Structure formats: structure tokens, C-alpha cells
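Next come the chains, spelled out residue by residue.
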Protein chains: 2
Amino acid sequence: MADDIPDIVIGRLPIYLRALTYMAEETGKVTTSSQEMGQRLGISSAQIRKDLSHFGEFGKQGTGYHINYLIKQLRGILHLENEWPVVLIGAGFLGHALAHYVGFKHRGFQINWVFDNDPDIVGREMNELLVRDISQLGDLVREEEVKIAILAVPVSAAQKIADILVDAGIQSILSYAPINLTAPPEIQVRYSDPVIQLQRMTFYLET
Amino acid sequence: MADDIPDIVIGRLPIYLRALTYMAEETGKVTTSSQEMGQRLGISSAQIRKDLSHFGEFGKQGTGYHINYLIKQLRGILHLENEWPVVLIGAGFLGHALAHYVGFKHRGFQINWVFDNDPDIVGREMNELLVRDISQLGDLVREEEVKIAILAVPVSAAQKIADILVDAGIQSILSYAPINLTAPPEIQVRYSDPVIQLQRMTFYLET
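In every chain, residue numbers begin from 1 and rise along the written sequence. Here chains are named by letter from A upward and ligands by number from 1 upward, in the order in which they appear as written. Owing to the predicted nature of the model, reporting of local features is limited to residues with pLDDT of at least 70; listing and counting of side-chain atom pairs is limited to 80 or more, with chain, interface and lining totals taken over all residues. Each side-chain value is derived from all of the structure's non-hydrogen atoms; neither hydrogens nor water enter the calculation.

*Asks:* Before we go on, may I ask you to explain the overall build of chain A in this structure?
*Replies:* Per the convention used, a helix needs a DSSP run of H or I reaching at least four residues, while a strand needs a run of E reaching at least two, with both numbered from the N terminus. The secondary structure content of chain A amounts to eight helices and 10 strands. Oriented by its inertia axes, the alpha-carbon framework of chain A measures out at about 60 × 45 × 35 Å. The buried share among the 207 residues of chain A stands at 50%. Throughout, a residue-residue contact means that at least one pair of heavy atoms, one from each residue, lies within 4.5 Å. Summarising the internal contacts of chain A: among those between residues at least 6 apart in sequence, 56% fall at separations of at least 24. The charge count includes Lys and Arg as positive and Asp and Glu as negative, but it does not include His or the ends of the chains. In plain terms, the charge of a residue is placed at NZ if it is Lys, CZ if Arg, CG if Asp and CD if Glu. Side-chain charges of chain A comprise 18 positive and 25 negative groups, with the mean position of each set lying 9 Å from the other. Exposure is judged per residue with a 1.4 Å probe applied to protein chains only, and the accessible area is read against the type maximum: over 50% gives exposed, under 20% gives buried, and values in between give partly exposed.

What follows is the structure in C-alpha cells.
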């Protein structure tokens, strides 16, 4: 199935899931429509219906989508039934922010391990997680069969850490370092870089 | 022009710009090709050529793209000739990480002001920036005609702060709070949420 569906469609499913979860938890709504979702997200209702139709028939003409049912389906499609253990590399300000990020909760991920190379930080606790020595990273990823890593390290260290992770069997990397990482094609690498988002917006701003 | 070009194309230009800048600064290359860029970025060369063709003829058959020329053109298209002053709201761990983020440098943005509501933090300095009281936010945005804001505040505060910003004339918001903000359609709102990126990858992982 994964091969047939454009990645750009997959990229919108988490956005739908976030909006639906918000509706269920904050507004107490039971049903919604592609129109309502589209209005909230700035995506056309036709696009939303088309995206979801790749995976089945989730709504009914007239009554729309049952929010909790659609949430459950999307979580299944995105493989979020269980929590994925995540390894975080970097215990600086960003690492701290990530370790304390409440947005992971109930959304399929839990940071279970934190690594750093600073001897002043290694051995301390960060949000109840022991900060481990970077020299142990490869072994841990191998032993625990960790699939997902978050990189919150400086540019100068990012590629080296990525190599260690890939060598140890990691499959997905989310990197905060403003540099394009080199990795084998079967490894998924995504980036969180505020500048990429900001530059996308300045196109539309008058100078 | 902005109306004719799909936003998804605009969204790829910063990715191209980052890769080209890396080539110029780190590898010392003078020219590149859509093939080479594509290989580096995991985007087809045809897609890259098509994206760039919206804005003109930047390459030559046989010699490819002059990297520095293409960088300059892309910076112009994205309105990055001058640095945009940015207001940061939130001086917690994430705010600290953003205030110290080296990735802003020479890429079109500078955080000029930081706000928080915590009396223990207001009045202190963060990376040489005075942390200001949140009650002054609207006035400053209005007086300085700030166009871009970064929100690094908890979910509970995000919408309230967004309302203040919009009311004061902000045009673009990058929010780190895991919540969909409501804003008038003419305001650009983009989100940085690690979970959205992680969920996009777990679709492809075997469980």
C-alpha cells in the first residue's frame, strides 16, 4: 500500500489527526465534515476527501465523519497503536525542550533515552531520563532495536551521529541541525528547521 | 506571481536554497546540476527543473547551474535580500534553543525581541536579548511594524498570544505549540511540531 500513495498525502494525515484529536478533546464534538476540517486547516474539502479515500470509506453523506472512529483509523494507518520508543541525541536547550515537550504524549512516541557528549551533562537527569554517554549510543540502538532517533546536536556533530545511528540499525531520523544529512535511501530523514518554514512565508510578504 | 505558483513549489525553494548554500560553503563547488541536487535531496531532477522553471531560466544544458547565481536568485524570490526582524514569544528551554540557533544567521532572519510572562525571567538577558514583559507585546509589534513572530509558548497560551499578534499587525506566525491556531485567512500560520514529522515516518515503518 505504501508504494501506491504519494508521500505528500501521507504528510497530511498527521495534520488531520491533530485537528480531529483537538476537536474530540477540546470541543467535545462527535462528528465533523471535510468542510469543517478544511476550514480549520486551510485545505480544500475535496482534497481531504480524496486523501482519505486512499484508505477506505470513512464518512457518510449527510452525517460526515465520526471523529473518534476516524482518529482510530488514522492512528492505525500511521502505525501509532503502540508508542514508539525514541532515542534523543543532544541534551542542550533544544534537547531539554524536546524532553519536556508535552506534544508527544498520547501521540505515539516516547523519548526513552537521551545521549550527550558533554562530560558535565552525562550522568545527570533530564526530565527523569539519565543522560548517557554518546560512546554508548550505537550499542544501545542495536540492543534495544530502536527505530527512531531525534537529533538535537550542533551541525558539526550531526553527520557523525547519523552515521552511528544508521550503522546501528536506526530507520528514521528527525534532525534539528540545519544541514542536509547523507544516509542510505532506505533510511528516512526528515528535518525540523525553523528557517525553512519562515522562508516559505516570506515569499508572500511584501518587502 | 504568488497566485500562480502552487504553495507546495514555494515550500521546496528553501530546501533547494539550503542545499545550494551547503554546496557553496562546505564543498566549494561552483556549479551543480538538477541531478546532483536531486540525489542529495531525494527529489527527482525533473521536479527540481520544473519548480525552478516557474521563475525563469537558471541553468544551461551541459554546464548546469551556477550555484552562487542560483542562490542569489532564490534569495530574491523568497524576499531574503535583507534580514527580517523576528519577535520570539517564550523564553523557556525552546525559546533559549531558538535564541541560540545558529541556523538563522545569513539566512534572512534575526530574532530582535523576546517576550515572556514569567516575572522571574522578564528583565533578564537571553543571548544578549532583553526578555520583555508579555504585556508590552502588542505595542512593540505595532510600533516596530514587526511582520514575523515565533511562538514558543505552552498550548494554553498559544491562541491568546496569536490573537494579540494578529491584532497588532503581524503577518506570519511560526508556532511550536501542538495546537491548530485560529487566525484570519490573510495571516500565514505554520507549525513546527516534531510529532507531525515523526508520524509521517512511522507510516513506512514495520510494526
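Following the structure, the description resumes.
*Asks:* Teacher, can you tell me more about the relation of the copies chain A and chain B here?
*Replies:* Each copy of the chain is related to the other by a rotation around an axis and a translation along that axis. Of the transformation superimposing chain A on chain B, the axial component is 0.0 Å and the angular component is 180°, with the fit at an RMSD of 0.0 Å. Such a combination of rotation and displacement between the chain copies is what one expects of a two-fold axis. Minimal C-alpha distance to the rotation axis in chain A is attained by Phe93(A), lying at 2.6 Å. Both copies share a contact surface, since 100% of the interface residues of chain A are interface residues in chain B too. Copies overlap after least-squares fitting; the atoms used are the C-alpha atoms of residues with pLDDT of at least 70 in both.

*Asks:* Where do I start with the sheet that holds strand S8 (residues 148–151) of chain A in this structure?
*Replies:* The pairing of strands in a sheet comes from backbone hydrogen bonds and takes either a parallel or an antiparallel form. Residue and element names in this part refer to chain A. Read from one edge of the open sheet, seven strands run S6-S7-S5-S4-S8-S9-S10, paired in mixed fashion. Since the sheet does not close on itself, it has two edges, and those belong to strand S6 (125–126) and strand S10 (188–191), each with one partner. Each pair of strands is called paired provided DSSP finds at least two bridges between the two strands. Taken together, the four bridges between strand S9 (residues 172–175) and S10 define a ladder with parallel strand orientation. By the bridge assignment for S10, Leu 174 is matched with Arg 190. Lines fitted to C-alpha atoms define the axes, with helix axes restricted to the stretch in contact, and inter-axis angles between N-to-C directions lie between 0 and 180 degrees. Along the sheet, helix H6 (residues 137–144) contacts strand S4 (84–89), strand S5 (109–116) and strand S7 (129–133); its crossing angle with S5, the most-contacted strand, is approximately 155°. Across the sheet, helix H7 (residues 155–167) lies against S4, S8 and S9, angled at about 170° from S8, the strand it touches most.

*Asks:* Just checking my understanding: could you explain the interface of chain A and chain B for this structure?
*Replies:* Size of an interface, as often reported, equals the accessible area lost when the parts are brought together. With 60 residues of chain A in contact, the opposing surface of chain B contributes 60 residues. Salt bridge, as applied in this entry: a Lys or Arg side-chain nitrogen positioned within 4 Å of an Asp or Glu carboxyl oxygen. The interface formed by chain A and chain B holds six salt bridges in total. As used in this structure description, the phrase polar contact means that two N or O atoms lie within 3.5 Å; if the pair is within protein, one of them must be able to donate a hydrogen and the other to accept it, and residues adjacent in sequence are counted only when both atoms belong to side chains. For the pair chain A and chain B, the number of links is 27 residue pairs in polar contact (both at pLDDT 80 or more). Secondary structure elements with two or more residues in the side of chain A that touches chain B: helix H1 (7–27), helix H5 (93–99), S8, S9, S10 and helix H8 (194–202) of chain A. When residues are grouped by polarity, Ala, Val, Leu, Ile, Met, Phe, Trp, Tyr, Cys and Pro land in nonpolar, Asp, Glu, Lys and Arg in charged, and all others, Gly among them, in polar. Across the side of chain A that touches chain B, the residue classes tally to 38 nonpolar, 14 polar and eight charged.

*Asks:* What exactly am I supposed to notice about the pairing of strand S4 (residues 84–89) of chain B here?
*Replies:* Two faces make up the sheet, and in a regular strand the side chains alternate between them. All names here are of chain B. The buried fraction of S4 is high, at five of six residues. Of the pairings in the sheet, the one linking S4 to strand S5 (residues 109–116) comprises six bridges and is parallel in character. Within S5, the residue paired with Val 87 across the bridge is Trp 113. The definition of a right-handed crossover adopted here requires that, viewed with the strands pointing away, the path from the first strand over the helix to the second runs clockwise. Crossover connection from S4 via helix H5 (residues 93–99) to parallel S5: handedness right-handed.

*Asks:* Please explain the pattern of salt bridges as it appears in this structure.
*Replies:* Side chains that differ in charge, positive against negative, can pair when their charged atoms come close. Under the definition given, this model contains 16 salt bridges over all chains. The shortest N-O distance in the salt bridge between Asp7(A) and Arg190(A) comes to 4.0 Å. Of this pair, Asp7(A) sits in helix H1 while Arg190(A) sits in strand S10, and the two are 183 residues apart along the sequence. Judged by relative accessible area, which is 23%, Arg190(A) ranks as partly exposed. Note that Arg12(B) and Asp51(B) form a salt bridge whose closest N and O atoms lie 2.6 Å from each other. Residue Arg12(B) is found in helix H1 (residues 7–27), and its partner Asp51(B) is found in helix H3 (residues 45–53); the two are separated by 39 residues along the sequence.

*Asks:* In this structure, what is going on with the environment of Leu137(B)? I would like to understand it.
*Replies:* All names here are of chain B. Relative to the elements of secondary structure, Leu 137 occurs in helix H6 (residues 137–144). Leu 137 gets classed as buried once you look at its relative accessible area, which sits at 0%. Through-space distance from the C-alpha of Leu 137 to that of Ile 161 is 8.8 Å; in sequence the pair is 24 residues apart. Excluding residues within four positions of it along the chain, Leu 137 makes contact with Val 87, Ile 89, Phe 115, Ile 161, Ile 164 and Leu 165.

*Asks:* Hey, could you run me through helix H3 (residues 45–53) of chain A in this one?
*Replies:* Spacing of three or four residues puts side chains on the same side of an α-helix, whose turn is 3.6 residues. Residues and elements named next belong to chain A. Listed in full, the buried residues belonging to H3 are Ser 45, Ile 48, Asp 51 and Leu 52. In a view along the axis of H3, the buried residues occupy a sector of 125°, so they form one face of it. The secondary structure elements touched by the buried residues of H3 are H1, helix H2 (34–41), strand S3 (64–66) and helix H4 (67–77). By definition, the arc is the one covered by directions from the helix axis to the C-beta atoms.

*Asks:* What is the right way to read unusual backbone geometry from this model?
*Replies:* Only a minority of non-glycine residues have a phi that is not negative, and only a minority of peptide bonds are not trans. Residue and element names in this part refer to chain B. Although it is not a glycine, His 79 adopts a positive phi angle of roughly 65°. Looking at where His 79 falls in the secondary structure, it is placed in the loop between helix H4 (67–77) and S4. A positive phi angle is found at His 106, which is not glycine, with a value near 60°. Among the structural elements, His 106 can be located in the loop between H5 and S5. Among the residues examined, His 106 registers a relative accessible area of 59% and is labelled exposed.

Purely geometric stuff here, so don't read any function into it on its own.
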